[in-house]
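Topology and contacts: notes
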Amino acid sequence: MSDLFGLAFPFFGLIFLGYFCGWRVRLPESGLAWLTFFVIYVALPALFYRIVAQTPIHELANPAFILAVVASTATTALIALAIGLYFRRGHMGEAAIAVTIGAYANVGYMGPGLTLAALGQAAATPAALIFACDSLLFFTIVPLLMSMRGRGESLLHTLGLIAKRVLTHPFNIATMLGVAAAALEFREPEPLSRMLDFLRNAAAPCALFALGVTVALRPLKRVPVELGPLLVLKLVLHPAIALVSLSLFGPFSQVWGETLLLMAALPPALNVFVLARQYHVFMEEASAAVLLGTLFSVVTVTGMLFLLRGHLIPLSLF
């Protein structure tokens, strides 16, 4: 149990430290701008580039695992869409954000650091693949669902917007550059390599602290009734669906299967609020989902770590 506490505490500790600072000091949210820019455009891209570039290209070409990831996330997203449409009386824009609450795990800020700390360097490749698959999926389906709100956006315009966001997102650019570097077996000059390592090591602490501050600056005003089933779906059912998906598309190595289960158990991503703010819909609910999801994930993620470390999940399914 002390090992589990040692693994989980630094991650949730940084989030709650950021939350405490944001709640106590009350600096304006604009003060986060450069830190957020550093995390999204510099540190996390460096992390994903290094993870992918240092992985043999044959390990990245794993279509069965990609199918398992996409199947588990897409199934969870469909259930979340049904929940959103039911509680929001068919309002497609609000249901689209409900999809991200119920299925979009925090695979960018929390995922890489937690999986590498818990499962070792062997988790780097599946973590990068999961991130890339989830990012491509949600940057595609959310604009498509938003285009169905009847606001006059043409399908061609929506498809162009999707392509632009997918191809220009810094995480995806870094991942694609990493794949190219892995294929060419490119190795950076030593000074550049050390700088990338500095950035890589700074990514998780800065991202988690910024996540805590961001949540603190958006106080919880009310909890919509649909957040209950959506968070149960995200924190409990999503890992169960991922386990079924692994059994259908496997077998996989133990580390790859455990990486998918652990990342599926993560709380809703901060991008949930980013997308809600971008489309000016469901913003208060999205903020509450990130706050409550992160709080409850202290229990669920620690529980998943306990199951994985104790080998209590049937590995034969992998």
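Worth saying up front: this structure is predicted, and the values here are computed from it rather than measured. (Residues numbered from 1 in each chain as written. Predicted model: local features only at pLDDT ≥ 70, side-chain atom pairs only at ≥ 80, totals over all residues. Heavy atoms only, no water.)

What follows deals with the overall build of the chain. Along the chain, the regular secondary structure elements total 14 helices and zero strands. Start at the N end of the chain and walk to the C end: the helices and strands fall as α-α-α-α-α-α-α-α-α-α-α-α-α-α. For the chain, the C-alpha radius of gyration of 19 Å lies close to 20 Å, the compact-globule estimate for 318 residues. Across its three principal directions, the C-alpha atoms of the chain cover 50 × 45 × 45 Å. Taken over 318 residues, the chain has a buried fraction of 53%. Considering only contacts in the chain between residues 6 or more positions apart, those separated by 24 or more positions represent 87%. (Helix = DSSP H or I, 4+ residues; strand = E, 2+ residues; numbered from the N terminus. Rg over C-alpha atoms; globule rule 2.2 N^0.38 Å. Buried < 20%, exposed > 50% of the residue type's maximum accessible area, 1.4 Å probe, protein only. Contact = heavy atoms within 4.5 Å.)

Next up on the list: unusual backbone geometry. Positive phi, normally seen in glycine, also occurs at Glu185, with a value near 55 degrees. Topologically, Glu185 is positioned in the loop between helix H9 (170-184) and helix H10 (190-216). Of the residues examined, Glu185 reaches a relative accessible area of 63% and is grouped as exposed.

It is worth spelling out the pattern of salt bridges at this point. Scanning all chains against the criterion turns up five salt bridges. Glu94 is paired through a salt bridge with Arg88; the nearest N and O atoms lie 3.4 Å apart. Here the two residues Glu94 and Arg88 agree in accessibility, since each one is buried. In this structure, Arg88 and Glu226 form a salt bridge, with 2.7 Å as the shortest nitrogen-oxygen distance. Of this pair, Arg88 sits in the loop between helix H4 (63-87) and helix H5 (92-103) while Glu226 sits in the loop between H10 and helix H11 (227-249), and the two are 138 residues apart along the sequence. Pair check on accessibility: Arg88 and Glu226 agree, each one buried. One network of salt bridges, with partners in common, ties together Arg50, Glu188 and Asp197. (Salt bridge = Lys/Arg side-chain N within 4 Å of Asp/Glu carboxyl O.)

Grouped together as the largest cluster of nonpolar side chains are 91 residues, with contacts concentrated most on Leu44, Phe65, Ile97, Ile101 and Leu262. In terms of residue count, helix H7 (residues 124-146) provides more of this core than any other element does, twelve residues in total. Filtering out sequence-adjacent residues up to four positions away, Ile97 remains in contact with Met146, Val272, Leu275, Ala276, Val281, Phe282 and Ala286. One finds Ala46, Tyr49, Ala53 and Leu196 within the second-largest nonpolar core, a separate group that totals seven residues. (Core = buried A, V, L, I, M, F, W, Y, C linked by side-chain atoms within 4.5 Å.)

This part takes up the environment of Ile101. In this structure, Ile101 sits in helix H5. A relative accessible area of 0% places Ile101 in the buried class. Ile101 sits 192 residues away from Gly293 along the chain, and the two C-alpha atoms are 8.8 Å apart. Aside from chain neighbours lying at most four places away, what touches Ile101 is Leu227, Leu230, Leu231, Lys234, Pro268, Val272, Phe282, Glu285, Ala286 and Ala289.

This part is about the side chain of Asn62. In this fold, Asn62 is placed in the loop between helix H3 (57-60) and H4. In terms of polar contacts, Asn62 uses its side chain to reach the backbone amide nitrogen of Phe65, at 3.1 Å. Discounting residues that sit within four places of it in the chain, Asn62 has contacts with Phe252 and Trp256. (Polar contact = N/O pair within 3.5 Å; in protein donor to acceptor, adjacent residues only side chain to side chain.)

Here we take up the packing of helix H2 (residues 33-53) against H7. The N-to-C vectors of H2 and H7 enclose an angle of 125 degrees; their axes lie 9 Å apart at closest approach. Of the possible angle classes, the one that applies to H2 and H7 is oblique. Here H2 and H7 pass one another in a crossing that is left-handed. Counting all contacts with H2, which are made through Phe48, Ile51 and Val52, the residues of H7 involved are Ala124, Thr125, Ala128 and Phe131. (Axes fitted to C-alpha atoms, helices over the stretch in contact; angles between N-to-C directions. Parallel < 35°, antiparallel > 145°, perpendicular 65-115°, else oblique. Left-handed = near helix turned anticlockwise from the far one by under 90°.)

Glancing now at H4. Taking 1.5 Å of rise per residue, the 25 residues of H4 would be expected to cover 36 Å, and the 36 Å separating its terminal C-alpha atoms lies within 8% of that figure. On the buried face of H4, the contacting elements are H5, H7, H11 and helix H12 (254-264). (Expected span 1.5 Å × (residues − 1).)

Axis separation between H11 and H12 bottoms out at 8 Å; the angle between their running directions is 155 degrees. The angle between H11 and H12 falls in the class roughly antiparallel. Considering only the axes of H11 and H12, their crossing is right-handed. Each of Lys234, His238, Pro239, Ala242, Leu243 and Leu246 in H11 lies in contact with H12, whose residues at this interface are Gly257, Leu260, Leu261 and Ala264. Taken together, the residues of the contact of H11 with H12 sort by class into seven nonpolar, two polar and one charged. (Nonpolar A, V, L, I, M, F, W, Y, C, P; charged D, E, K, R; others polar.)

Quick look at H12 now. With respect to burial, H12 is a largely interior element, nine of its eleven residues being buried. Regarding H12, the residues found buried are Trp256, Gly257, Glu258, Thr259, Leu260, Leu261, Leu262, Met263 and Ala264. In this structure, the buried side of H12 is in contact with H3, H4, helix H6 (111-119), H7, H11 and helix H14 (283-309).

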